[in-house]
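Coordinate analysis (summary)
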Amino acid sequence: VQLQASGGGLVQAGDSLRLSCATSGLTFNHVTLGWFRQAPGKEREFVAAIRWSGGSTYYSDSVKGRFTISRDKAKNMVYLQMNSLKPEDTAVYYCAAGIGLIVSSVRDRDQYDYWGQGTLVTVSS
C-alpha cells in the first residue's frame, strides 16, 4: 500500500487549496481514507475521513463547513478541498488509510494502518 500526498503550499488567510492523495495497493474491503495534520509542537490531529466504498464523510469540528473530503475511485485519488483557510490551519497534512474502521474509530489516528508522507500547508495572516 502506498499513499502519496501533494498540493501543499503557502497561501494567505481566506484562500483555498486542494490537497491530493494518490493511493495504490488498497485492495481491501472496508477502507477508510483520512486526512490528519500536525502543527509544530502539537500532536497529529484528525481533519477528515471518507469511506472508500460508500462515500460517508466525517470532519473535525474545526474544519467542518470549510473543508470537503472527496474521492475518485476511478483514479484512486482522495482530495481535501480547503476553503477559507486560517493561520491555525498551518500544519503538515498527512493522508492515511484504515482497514475495517468502525465509526467511533475514524477520528483516531492510532487506528489507521497506512500513512503517506506529509505535505506542508502554510497560511499567512
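Above: the structure in question.
An account of the accompanying structure is given in this report. (Residues numbered from 1 in each chain as written. Predicted model: local features only at pLDDT ≥ 70, side-chain atom pairs only at ≥ 80, totals over all residues. Heavy atoms only, no water.)

Tallied over the full model, the rule gives five salt bridges. A salt bridge links arginine 37 to glutamate 45, with the shortest nitrogen-to-oxygen separation between them at 2.6 Å. Judged by relative accessible area, which is 6%, arginine 37 ranks as buried. On the basis of relative accessibility, which here comes to 37%, the residue glutamate 45 falls in the partly exposed class. Linking arginine 66 and aspartate 89 is a salt bridge whose minimum nitrogen-to-oxygen distance equals 2.8 Å. Of the two residues, arginine 66 sits in the loop between strand E6 (57-59) and strand E7 (67-72) while aspartate 89 sits in the loop between strand E8 (77-82) and strand E9 (91-99), which places them 23 residues apart along the sequence. Assigned by exposure class, arginine 66 and aspartate 89 land together as buried. (Salt bridge = Lys/Arg side-chain N within 4 Å of Asp/Glu carboxyl O. Buried < 20%, exposed > 50% of the residue type's maximum accessible area, 1.4 Å probe, protein only. Helix = DSSP H or I, 4+ residues; strand = E, 2+ residues; numbered from the N terminus.)

Time to look at the state of the cysteines. All told, the structure shown has one disulfide when counted by the stated rule. The disulfide partner of cysteine 21 is cysteine 95, and the gap between their sulfur atoms is 2.2 Å. Disulfide cysteine 21-cysteine 95: the torsion about the S-S bond is 65 degrees, which places it as right-handed. Of this pair, cysteine 21 sits in strand E3 (residues 17-24) while cysteine 95 sits in strand E9, and the two are 74 residues apart along the sequence. Side by side, cysteine 21 and cysteine 95 carry an identical accessibility label, which is buried. (Disulfide = S-S within 2.5 Å.)

The subject of this paragraph is the packing of aromatic side chains. Evaluated as defined, the whole model comprises five aromatic pairs. Ring centres of phenylalanine 36 and phenylalanine 46 lie 5.7 Å apart, and the angle between their planes is 75 degrees; this geometry places the pair in the edge-to-face category. Placement of phenylalanine 36 in strand E4 (residues 31-38) and of phenylalanine 46 in strand E5 (residues 45-51) is noted, with a sequence separation of ten residues between them. Both residues of the pair, phenylalanine 36 and phenylalanine 46, belong to the buried class. Ring geometry for phenylalanine 36 and tryptophan 115: centres 5.0 Å apart, planes at 55 degrees, overall tilted. Highlighted residues: phenylalanine 36 in strand E4 and tryptophan 115 in strand E10 (residues 114-115), separated in sequence by 79 residues. Put simply, the rings of Phe36, Phe46, Tyr94, Tyr112 and Trp115 pair up and form one aromatic cluster. Across the ring face of tyrosine 94, the terminal group of arginine 44 is positioned such that the distance to the ring centre comes to 3.7 Å. (Phe/Tyr/Trp six-rings, centres within 6.5 Å; stacked < 30°, edge-to-face > 60°. Lys NZ or Arg CZ within 6 Å of the ring centre and 35° of its normal.)

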